[in-house]
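# Breakdown of the fold
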Amino acid sequence: MKIRILALMLLIGFFAVLTFNDASAQSTPTVKVSVSKKSVKPGETAYLVIKFKHGTQVKIPKEPPIEVSISGDGVSGISVQDYSGGEGDYINNSQIKYKFKVNSDATSGSSITVSGTVKFGYCSTETGTCKMATKNFTVKVKVK
């Protein structure tokens, strides 16, 4: 009887360790968004720099494509940079850039609040399991 209880406890412990390892290796990356310039002139384009922070065994794949959408009075989105270069199926440096334009009628000296979402995939390099995530962000853009 003691052997059965011990075997059962070992089996439960084994599954708990496997579940914990898989969860930590596959935890959803965080997203940090910043503006490429300190301030942007009315009518000028700039980039949002989108950085993915993730575990060592998690990477951001090139496919499906990363989708970025923004909203805010005084800005319009243009496009995600081409991140198809580099080796393999994953993006380099765990970051991308999103080009946007400040409207030409934006008031100099003001700040524009840009809100948006980033939809992306992330994969465990250990298990090969991939998942999708959507993260929201808000950033301020200073107008020169």
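Presented here is a report on the structure given in the accompanying data block. (Residues numbered from 1 in each chain as written. Predicted model: local features only at pLDDT ≥ 70, side-chain atom pairs only at ≥ 80, totals over all residues. Heavy atoms only, no water.)

### Brief notes about the overall build of the protein chain
From N to C terminus, the protein chain includes one helix and eight strands. Starting at the N terminus, the α and β elements of the protein chain follow one another as α-β-β-β-β-β-β-β-β. A buried classification covers 29% of the 144 residues belonging to the protein chain. Looking at the protein chain as shown, the accessible area adds up to about 9100 Å², and 54% of this sits on carbon and sulfur atoms. (Helix = DSSP H or I, 4+ residues; strand = E, 2+ residues; numbered from the N terminus. Buried < 20%, exposed > 50% of the residue type's maximum accessible area, 1.4 Å probe, protein only. Areas by Shrake-Rupley, 256 points an atom, 1.4 Å probe, with all protein chains shown as cover.)

### What about the nonpolar core?
L48, F52, I66, I70, F100 and V102 are the most contacted members of the largest nonpolar core, which totals 30 residues. Elements that contribute at least two residues to this core include exactly β1 (30-35), β2 (45-53), β4 (67-71), β6 (95-102), β7 (111-124) and β8 (130-142). Among the elements that line this core, the one with the most residues is β7, at five residues. (Core = buried A, V, L, I, M, F, W, Y, C linked by side-chain atoms within 4.5 Å.)

### Side note on the sheet that holds β6
What the four strands build is an open sheet, ordered β1-β2-β6-β5; its pairing is antiparallel. With partners counted over all chains shown, the strands left at the sheet margins are β1 and β5 (75-80), one partner each. Neighbour to neighbour, the strand axes of the sheet diverge by 30° on average, direction disregarded. For β5 and β6, the ladder comprises five bridges, and the chain directions are antiparallel. The residue bridging V80 from the neighbouring strand is Y98, located in β6. (Pairing = 2+ DSSP bridges. Axes fitted to C-alpha atoms, helices over the stretch in contact; angles between N-to-C directions.)

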